[in-house]
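# Per-entry structural report
Single-letter residue listing:
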Amino acid sequence: MTQATPGVLAEVGRERQRQEAKWGEQNLEPAVWLMVLGEEVGEANNAALEALMTHCDKQASVRGARSLDDYRAELIQVAAVAVSAVESLDRQRARAEQALEAQATAAPSPV
């Protein structure tokens, strides 16, 4: 960790709050999370490409040139989606464990 890590993690936390407000609690299958994460990584790739190779930016005339700040913002979103996927996995595991415990409690005792 560096001195910058707490600030970056706070940004990721704010992005998670924004995502939660927009989408609510998401409980997707792991393969779906990987597709969502891949889409976000693609946006980060695109932001970096367009910032570093301005001739590749087809939208620059409409929205202006991209900068590495756009790339950074996309990376924060990538990190927040990864956190959301972990949260979802943890919730799903906890629910499965609770269901197993409930089954064990409800099962008749052997005679």
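What you see is a predicted model, and the numbers here were worked out from it, not measured in a lab.

Further remarks concern helix α1 (residues 5–23). A rise of 1.5 Å per residue sets the reference length of α1, with its 19 residues, at 27 Å; its end C-alpha atoms lie 26 Å apart and thus fit the reference within 8%. Against α4 (68–106) lie the buried residues of α1. Once α1 ends, the next one or two residues include Gly 24, with phi positive near 75 degrees.

In the contact formed by helix α2 (residues 30–52) and α4, the axes pass within 8 Å of each other and the chain directions differ by 170 degrees. As far as their axial angle goes, α4 and α2 are roughly antiparallel. The segment α2 lies against α4, with Trp 33, Val 36, Leu 37, Glu 40, Val 41, Glu 43, Ala 44, Ala 47, Ala 48, Ala 51 and Leu 52 engaging Leu 68, Asp 70, Tyr 71, Glu 74, Leu 75, Gln 77, Val 78, Val 81, Ala 82, Ser 84, Ala 85 and Ser 88. Grouping the amino acids of the contact of α2 with α4 by side-chain chemistry returns 16 nonpolar, three polar and four charged.

This part takes up the pattern of salt bridges. Using the criterion set out here, one finds eight salt bridges in the structure. When the shortest N-O distance is used, the salt bridge between Glu 20 and Arg 16 registers 2.9 Å. Placement of the pair is Glu 20 and Arg 16 together in helix α1, with a separation of four residues, close to one helical turn. For Arg 16, a relative accessible area of 11% corresponds to the buried category.

The rules behind each value
- Residues numbered from 1 in each chain as written.
- Predicted model: local features only at pLDDT ≥ 70, side-chain atom pairs only at ≥ 80, totals over all residues.
- Heavy atoms only, no water.
- Helix = DSSP H or I, 4+ residues; strand = E, 2+ residues; numbered from the N terminus.
- Expected span 1.5 Å × (residues − 1).
- Contact = heavy atoms within 4.5 Å.
- Axes fitted to C-alpha atoms, helices over the stretch in contact; angles between N-to-C directions.
- Parallel < 35°, antiparallel > 145°, perpendicular 65-115°, else oblique.
- Nonpolar A, V, L, I, M, F, W, Y, C, P; charged D, E, K, R; others polar.
- Salt bridge = Lys/Arg side-chain N within 4 Å of Asp/Glu carboxyl O.
- Buried < 20%, exposed > 50% of the residue type's maximum accessible area, 1.4 Å probe, protein only.

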